Amino acid sequence: MATGAERDTETVDRPLVVPGALERRAYQLRLAEAAARGHTLVCLPTGLGKTAVSLLVTARRLHEAGGKSLLLAPTKPLVTQHADFYREALDIPDDDVVVFTGEVSPDDRATLWEDAQVVVATPQVVENDLVGNRVSLSAVTHCTFDECHRATGDYAYNYIAERYHAEADDPLVTGMSASPGDDEESILQVCENLGLGSVEVMTEDDADVAEYTHDTSVEWERVELPETVEEVRDALQEVIRDRLTQLKELGVTSTTQPDVSEREIHKIQGRLRDLMDNDQSEGYQGMSLLAEVRKLRTAVTYVETQSVESFRQYMERQREAARSSGASKADQRLVSEPKVRQAVRLAREYDDLHPKFRRARMKIAETLGIQGGERVIVFTESRDTAETLTDFLGEHFSTERFVGQSDTEGSDGMTQTEQQDTLERFRAGEFEVLVSTSVAEEGLDVPEVDLVLFYEPVPTAIRAIQRKGRTGRQTEGAVTVLLAEDTRDEAYFWKARNDQKEMEQELRNLKDAAGTIEARLEQAGLDTYANEGTDSNGDGTGGTDADGVGVDAGSGDETASSDTSGDSAGSSTADGDDDGQAGLGAFAGESGERAAAGADETTGGGGPGDDSDTETGDTADAEGVVAAAEPDGEAVEVVADQRELDSTIARDLSTRDGVETRLETLAVGDYVLSDRVVVERKTVADFLDTLTGGDRSLFEQVGDAARHYERPVVVIEGEGLYGERNVHPKAIHGALASLAVDFGASVLRTADEGETADLLEVVAEREQVESDREVSVHGEKQSRTLAEQQEYVVAAIAEVGPVTARALLEEFGSVEAVMTADEEALREAEGVGEVTAERVREVTGSDYEG
């Protein structure tokens, strides 16, 4: 085994690697050699230099293939850290390594991309730039996905990988993680999502790795809950038991135990959804009760595992929510429930902290004092707890917090600069204790610490491994996990512990069965991605690295329910329904005049939608068989609002042949399809919020759209418009009629985001190809006229709306007269009934209580 002094003199000598910058580690060289041969998942324990492996591959690709490299990391601090490392170790000008985060403007990113050799970025920014057609991946010869276990669901990694494999002239992908998944299936899913064809694993059992690791002791300490805390918890659980009893009486559950599992909660929700789909009032009643159960379970978690102070803050937020104009009955019942009020009162009278606070202080004092340690990291799940812990520990040790960038109620986030400065000062020993939320778990070059303290266990193996990786890198380290006895702390701990053992075993199994993994990946259709890169011999057989070391070739080795009630008016699939009727694609070639003639009259109507998911641009033949249309070679443009990136629609459109997407911060609408067509998209839930929450913004938005575009379109997306909530059909009909008649908008229905994308593509084709119209993003919103401002003020009162507002103003002549009229006079106006009149008087005549 090489000594530390011997290792210091052995450095990597490679093209484009700064001499002396990288310590020469055989396992890193072997992993880099394997990753250079094809799309590879690199698994290496935290703290052993995954980024060095990526840099070695990048240096080789830039030297041999040219082009540019893209390194993606999930957080801004991690991006900054990687960029600093690349500038230090990669022998290219510092200015050729650029950072892409949300703090760099889109125009600047587009310019920087052209000349950069290495781009280090957060995935969301690159996703936005790809959707907005600002950058091209064609010249990227190496793409690294750091912390690649995130490549699941709709995470941006998946979209970027799809675009990269499709567009790059000479692609090579490297995925890096210390913890790629909890089991073999999840690891395989990550590989499939990123197009990885092989898995290279190094564990702490490997001889080359073992000499760089040290033992990390893990101990867990149980704490007992004080009597008052138990009383608070018991009061909340009594309410949970009562709500579950009511749900049991509805026939949707058989349990009334307050520690009901999350799996059972999901089952209850599904049964209630069935009742709602059948338009049974019990479904709506049960959903309201279940909402209370969920909130109460969260409150119990705060009390048991965090702190009474965190519970107080949580309940204060619930109280504020119950007082808001759009408060649900569940919110209002929750805060007015006597047992909940009793729990809150007990918490307010409790002048002590959770016993975990004192135990944490004792453990840190032991580490920093008796054992002579220098640094400690404390991890906690809750921002509230992080704030309270920082204050508490700050009375005894030099302590600072490390949290994410977003602001939460009662807590300001940290900017990227503040995060970086905090870490640098921690490394320099300017303070002893760092209290962090999950933002410091993944990959950050947090300095070697003497103790990692888990304020609470985390329920997943991946996060437990990430947290533990902050210690035991250069010297022996320690991990302590605090558990509140007889709470979900213990369940989370044992789950993570068992999952971690299984993951470690799975990684060993994967290492032994890489050939089998490759076979399964090829069966999944990824053989087109596998082994596209070549090794130094050009034949995929391995070779000798630049240091003269012989290298083995290596082993190489949250769902919406479907509504069938027939209310999905106007929805259709891309190619047609099961009965052979033509779908959206069949009309793409019709004249723009016919499209215009029918557009204004569409306010719904039709049969239920179809669940099929097929490509657009198809036509139906005489016998109802769908035939593919010949491409006309003309690309259409869809301009999407930046805020629409929360959905998958723009991403979906950006991957389609013949569609170019552009991102703008639109003053009007969500999508612009021509100089006369703008689309305002609302989910069913958003639309119903308009009717039940007193929010009239939809009508304001459509009014703005109508002032700027000749043909505004409202798309209502999702199933269950008439069954999702207990909203009277007449109220829904009235809103639809108002959009069509009062605002001149076409109202179209789609089943989901995929169908909305289909619809947008077809309308864009009709407008831009058939009617030869240009895409025009109109300017700022026009200033409202005085009459429009008066209508807006009156319409803002719940139950009024724009039509009634005009009627009231016409009746009384001014806003002041409307606001001072009594109920009897108000009812004289056309369309104003008793409820509306009462509401107007309640709003205008009641005392303000802030």
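Residues numbered from 1 in each chain as written. Predicted model: local features only at pLDDT ≥ 70, side-chain atom pairs only at ≥ 80, totals over all residues. Heavy atoms only, no water.

Caption draft 1: Region of the structure containing the overall build of the protein. Counting secondary structure elements, the protein contains 32 helices and 23 strands. Within the protein, the proportion of its 850 residues that are buried is 51%. Put simply, the protein shows about 37,000 Å² of open surface, and 43% of that area lies on carbon and sulfur atoms. (Helix = DSSP H or I, 4+ residues; strand = E, 2+ residues; numbered from the N terminus. Buried < 20%, exposed > 50% of the residue type's maximum accessible area, 1.4 Å probe, protein only. Areas by Shrake-Rupley, 256 points an atom, 1.4 Å probe, with all protein chains shown as cover.)

Caption draft 2: Inspection of the packing of aromatic side chains at higher detail. Under the counting rule described, the total for this entry stands at 10 aromatic pairs. Ring geometry for F379 versus F454: centroids 6.5 Å apart, planes at 75°, classification edge-to-face. Of the two residues, F379 is situated in strand β9 (residues 376-379) and F454 in strand β12 (residues 451-454); the sequence distance between them amounts to 75 residues. Accessibility classification places F379 together with F454 in one group, the buried group. (Phe/Tyr/Trp six-rings, centres within 6.5 Å; stacked < 30°, edge-to-face > 60°.)

Caption draft 3: A look at helix α13 (residues 308-323). Taking 1.5 Å as the rise per residue, α13 with 16 residues should run 22 Å; its terminal C-alpha atoms sit 23 Å apart, in good agreement. Those residues of α13 lying buried are V308, S310, F311, Y314, M315, Q318 and A322. Take α13 and look down its axis: the buried residues cluster within an arc of 155°, on one side only. Elements that come into contact with the buried residues of α13 comprise α10 (227-249), α12 (281-306), α14 (329-336), α15 (338-349) and α17 (383-394). (Expected span 1.5 Å × (residues − 1). Arc of directions from axis to C-beta. Contact = heavy atoms within 4.5 Å.)

Caption draft 4: Region of interest: the confidence of the model for the protein. For the protein, per-residue confidence averages 77 on the pLDDT scale, and 75% of positions sit at 70 or higher. Segment residues 1-9 is flagged for pLDDT under 50; beyond a separation of four residues in sequence, or across chains, it makes 7 contacts in the model. Of the regions scoring below 50 in pLDDT, residues 466-475 engages in 57 contacts with residues more than four places distant in sequence or in other chains. (pLDDT = per-residue confidence, 0-100.)

Caption draft 5: Representation of the sheet that holds strand β19 (residues 659-664) within the structure. Spatially, β19-β18-β20-β21-β22-β23 is the arrangement adopted by the 6 strands of the open sheet, whose pairing is mixed. Looking along the sheet, the strands with just one partner apiece sit at the ends: β19 and β23 (746-750). Note that strand β22 (residues 711-717) and β23 share 5 bridges and pair parallel. Counterpart to E717 in the pairing with β23 is T750. In the packing of helix α25 (residues 697-708) onto the sheet, the strands contacted are β21 (677-683) and β22, and the crossing angle to β21 comes to about 170°. (Pairing = 2+ DSSP bridges. Axes fitted to C-alpha atoms, helices over the stretch in contact; angles between N-to-C directions.)

Caption draft 6: How the structure looks around the pattern of salt bridges. Evaluation of the coordinates by the stated rule reveals 48 salt bridges. A salt bridge links R294 to E262; the nearest nitrogen and oxygen atoms lie 3.1 Å apart. In this pair, R294 is assigned in helix α12 and E262 in helix α11 (residues 262-277), connecting sequence segments 32 residues apart. Relative accessible area serves as the criterion here: at 35%, E262 is assigned to the partly exposed category. The salt bridge involving E644 is made with R681; its shortest N-O contact spans 3.0 Å. Remark: R681 occurs in strand β21 and E644 occurs in the loop between β18 (636-641) and α23 (649-654); sequence separation between them is 37 residues. Residue classification places E644 among the buried positions, given a relative accessible area of 8%. Three or more residues joined by partner-sharing salt bridges are found here, namely D242, R243, E292, R333 and E337. (Salt bridge = Lys/Arg side-chain N within 4 Å of Asp/Glu carboxyl O.)

Caption draft 7: Summary view of the packing of α13 against α14. Two elements in contact, α13 and α14, have axes separated by 8 Å at closest approach and are oriented at 130°. On the basis of the axis angle, α13 is oblique to α14. For the crossing formed where α13 meets α14, the hand is left-handed. When α13 is examined against α14, the residues Q318, R319 and A322 are found in contact with a partner set consisting of D331, Q332, L334 and V335. (Parallel < 35°, antiparallel > 145°, perpendicular 65-115°, else oblique. Left-handed = near helix turned anticlockwise from the far one by under 90°.)

Caption draft 8: Molecular detail of unusual backbone geometry. At N133, a residue that is not glycine, the phi angle is positive and equals roughly 60°. Note on placement: N133 falls in the loop between α6 (123-131) and β5 (140-146). With a phi close to 55°, D772 is a non-glycine residue in the positive phi region. For D772, the position within the fold is in the loop between α27 (753-770) and α28 (786-795). According to the relative accessible area criterion, D772 is exposed, its value standing at 61%.

Caption draft 9: Here's a closer look at α11. The terminal C-alpha atoms of α11 lie 23 Å apart, and with 16 residues this matches the ideal 22 Å at 1.5 Å per residue to within 8%. In this fold, the buried residues of α11 make contact with α10 and α12. Downstream of α11 by a residue or two, D279 has a phi angle that is positive, lying close to 60°.

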